[in-house]
Amino acid sequence: MAKMGTSSRVAAAIVVVLGFVLSLAVVCNGGKTSSFVRKVEKTVDMPLDSDVFKVPPGYNAPQQVHITQGDQLGKAVIVSWVTVEEPGSNTVLYWSAYSKKQKSEGKFTTYKFYNYTSGYIHHTTIRNLKFNTKYYYVVGIGHTERQFWFITPPKVGPDVPYTFGLIGDLGQSFDSNKTLTHYELNPQKGQAVLFVGDLSYADNYPNHDNVRWDTWGRFTERSVAYQPWIWTAGNHEIDFAPELGETKPFKPYTHRYHVPYKASGSTAPFWYSIKRASAYIIVLSSYSAYGKYTPQYFWLEQELRKVNRSETPWLIVLMHAPWYNSYNFHYLEGETMRVMYEPWFVKYKVDVVFAGHVHAYERSERMSNVAYNIVNGICIPVKDQSAPVYITIGDGGNTEVLATK
Ligand SMILES: [Fe+2]
């Protein structure tokens, strides 16, 4: 977890995962940085009848309840859940100790993927919330009601401390459960999770068995129903399977996980930004076009200009494929995006970039590789105080083995 505050402009600090020896020339060897170290042996997925996947009791009971930020400032929350027997109500009933009960209406959607048909996936946005306030909310009205709560963030400002949890490449194995438990039990108490992509790993199953999207939703509910997880799309969200007749990328992900992309002027849910406390968080898509003249390129070019560091001194970027990676796993997969956007990150002094994808932890010094012009030979990263720190946290516990080489 990283505690954000302006008193400290030091690199985003303490991420609770494993530390490995780094080998890039400009990267220092930080050694082991946490006592929480995952075993190297391959793990397996928790069986379908595991308690973490239990369907809540009651007729048409809401399941897979999850929340995320619903606007740019943190005064709105998107509440999502799935019902199975029938659509049921789209209403969220919510209140705080200082306000009477209010209702918000949303919509539901469904989708098919090969031979799978989803439940009724509800998304309802609650708006005009007060900052720094605990709200209770109820879904499942008219059938089986379930109650949860969340705390809105403090008003955006330069001296507002906030603690983010960081998780990537989670999956639904026994190790995934350890990761989530470790996060929940951490005495630093994360207030929101920055999730850097690769959620359920359903696509590793025959026919991308989307039942594993449902089990993942039930597994993570115990955290994400109570605090927002800020979503980034990873390669396991693409679900592009022409052999199954499934040619629309990100179909399950976009139906299940809504994000407030329109609030930041984005035209697609894969790249967007939010402000939260003292942080400005930009989410990018490693798996959407990012070359010159693409929608993501135009958006990011405008977006970086909007960041007011006297309001949000912390500028954080989330993406799935890391730009700097000293492991042989996924080596250089982030390179073409780095070539496109790294000069902007240096110009606008991004503080820290979190990525997943590589199943390991590593953290760089501030470094850049923007001087190369084909003929000058300056083509290795150098220390650069205007550049971000790069942190890879892709060891969330999925069944694909850890990167160790
Ligand atoms: Fe990945």
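A quick note: this is a predicted structure, and the numbers were derived from the prediction, not measured.

Colleague: Teacher, can you tell me more about the overall build of the protein chain here?
Modeller: Scanning the protein chain for helices and strands turns up 5 helices and 22 strands. By the compact-globule yardstick of 22 Å for 405 residues, the protein chain fits well, its C-alpha radius of gyration being 21 Å. Across its three principal directions, the C-alpha atoms of the protein chain cover 70 × 45 × 45 Å. For the protein chain, buried positions account for 60% of its 405 residues. The contacts in the protein chain between residues at least 6 apart in sequence include a share of 72% that link residues at least 24 apart. When the accessible surface of the protein chain is split by element, carbon and sulfur atoms take 56% of a total near 16,700 Å². Computed over 40 positive and 34 negative side-chain charges, the inter-centroid distance for the protein chain is 8 Å.

Colleague: Teacher, can you tell me more about the coordination of the iron ion here?
Modeller: Around a metal, the ideal angle is 109.5 degrees if four donors adopt a tetrahedral arrangement and 90 or 180 degrees if six donors adopt an octahedral arrangement. Those donors, Asp198 (OD), Asn235 (OD1), His320 (NE2) and His357 (ND1), are the protein atoms that reach the iron ion, and they lie 2.1 to 2.2 Å from it. Of note is the iron ion, whose 4 donor atoms meet at the metal with angles of 88 to 169° in an arrangement that counts as irregular. All donor residues of the iron ion come from one chain, and their arrangement in sequence is D-x36-N-x84-H-x36-H. Of this pair, Asp198 sits in the loop between strand E13 (192-195) and helix H2 (211-224) while Asn235 sits in the loop between strand E14 (229-230) and helix H3 (251-256), placing them 37 residues apart in sequence.

Colleague: Looking at this structure, I do not really get the packing of aromatic side chains. What am I missing?
Modeller: By convention here, two paired aromatic rings are described through the distance between centres and the angle between planes. Using the criterion set out here, one finds 29 aromatic pairs in the structure. A ring pair is formed by Phe195 and Trp229, whose centres lie 5.7 Å apart and whose planes are at 15°; its orientation type is stacked. One end of the pair, Phe195, is in strand E13; the other, Trp229, is in strand E14, and 34 residues separate them in sequence. Relative accessible area serves as the criterion here: at 0%, Phe195 is assigned to the buried category. Each member of the aromatic cluster is reached from another via a ring pair, and the members are Tyr94, Tyr135, Tyr137, Phe148, Trp149, Phe150 and Tyr226. Sitting above the plane of the Trp95 ring, Lys101 keeps its charged end 4.4 Å from the centroid. The aromatic ring of Trp149 is capped on one face by Lys134, whose charged end is 4.4 Å from the ring centroid.

Colleague: Explain the environment of Thr91 here, please?
Modeller: Checked against the element boundaries, Thr91 lands in the loop between strand E3 (77-83) and strand E4 (92-96). A relative accessible area of 8% places Thr91 in the buried class. On a C-alpha basis, the gap between Thr91 and Val139 in space is 6.7 Å, while along the polypeptide they are 48 residues apart. If near-sequence neighbours (up to four positions away) are discounted, Thr91 is found in contact with Trp81, Lys103, Ser104, Glu105, Val138, Val139 and Ile141.

Colleague: What is the right way to look at unusual backbone geometry in this model?
Modeller: Negative phi characterises most residues that are not glycine, and trans characterises most peptide bonds. One non-glycine residue, Asn132, lies in the positive phi region at around 50°. Judged by its relative accessible area of 55%, Asn132 falls in the exposed class. At His208, a position not held by glycine, the phi torsion is positive, near 55°. Among the structural elements, His208 can be located in the loop between E13 and H2. Note on His208: relative accessible area 10%, which makes it buried.

Colleague: I tried to follow the sheet that holds strand E17 (residues 314-318) on my own but got confused; where do I start?
Modeller: Strands pair in a sheet through their backbones, by hydrogen bonds, and they do so in one of two ways: parallel or antiparallel. With mixed pairing, 6 strands are arranged side by side in an open sheet as E15-E16-E17-E18-E22-E19. The strands lining the two open edges of the sheet, one partner per strand, are strand E15 (272-276) and strand E19 (361-363). Strand after strand, the sheet turns through a mean of 15° between neighbouring axes, direction not considered. By the bridge criterion, 5 bridges tie E15 to strand E16 (residues 279-283) in an arrangement that is antiparallel. Bridge assignment links Tyr272 to a residue of E16, and that residue is Val283.

Colleague: Would you explain the environment of Gly168 in this entry?
Modeller: Its location among the elements puts Gly168 in the loop between strand E12 (162-167) and helix H1 (174-185). Separated by 58 residues in sequence, Gly168 and Tyr226 place their C-alpha atoms 19 Å apart. Not counting chain neighbours up to four residues away, the residues in contact with Gly168 comprise Phe195, Val196, Gly197, Ile393, Gly394, Asp395 and Gly396.

Colleague: Hey, could you run me through the environment of Phe148 in this one?
Modeller: The residue Phe148 is located in strand E11 (residues 146-151) in this model. Phe148 sits in the buried class, given a relative accessible area of 3%. Sequence spacing of Phe148 and Tyr261 is 113 residues, and the spatial spacing of their C-alpha atoms is 25 Å. Discounting chain neighbours no more than four positions away, the residues touching Phe148 are Val65, Tyr135, Tyr136, Tyr137, Val139, Glu221, Ala225 and Tyr226.

Colleague: Is there a simple way to think about the packing of helix H4 (residues 295-306) against helix H5 (residues 335-347) in this case?
Modeller: Between two packed helices, the angle of one axis relative to the other and the distance separating the axes together describe the packing. Here H4 crosses H5 at 15°, and the two axes come no closer than 11 Å. Classified by the angle their axes make, H4 and H5 are roughly parallel. Seen from above, H4 lies across H5 with right-handed handedness. Taken together, the residues of H5 that come into contact with H4 (itself represented by Gln296, Tyr297, Leu300, Glu301 and Leu304) are Met337, Met340, Tyr341, Trp344 and Phe345. Class assignment for the residues of the contact of H4 with H5 results in 8 nonpolar, 1 polar and 1 charged.

Quick notes on the rules
- Residues numbered from 1 in each chain as written.
- Predicted model: local features only at pLDDT ≥ 70, side-chain atom pairs only at ≥ 80, totals over all residues.
- Heavy atoms only, no water.
- Helix = DSSP H or I, 4+ residues; strand = E, 2+ residues; numbered from the N terminus.
- Rg over C-alpha atoms; globule rule 2.2 N^0.38 Å.
- Buried < 20%, exposed > 50% of the residue type's maximum accessible area, 1.4 Å probe, protein only.
- Contact = heavy atoms within 4.5 Å.
- Areas by Shrake-Rupley, 256 points an atom, 1.4 Å probe, with all protein chains shown as cover.
- Lys, Arg positive; Asp, Glu negative; His and termini not counted.
- Charge placed at Lys NZ, Arg CZ, Asp CG, Glu CD.
- Donors = N, O, S within 2.8 Å, 3.2 Å for Na, K, Ca; no water.
- Tetrahedral: all angles 85-135°; square planar, octahedral: opposite > 155°, others 65-115°.
- Phe/Tyr/Trp six-rings, centres within 6.5 Å; stacked < 30°, edge-to-face > 60°.
- Lys NZ or Arg CZ within 6 Å of the ring centre and 35° of its normal.
- Pairing = 2+ DSSP bridges.
- Axes fitted to C-alpha atoms, helices over the stretch in contact; angles between N-to-C directions.
- Parallel < 35°, antiparallel > 145°, perpendicular 65-115°, else oblique.
- Left-handed = near helix turned anticlockwise from the far one by under 90°.
- Nonpolar A, V, L, I, M, F, W, Y, C, P; charged D, E, K, R; others polar.

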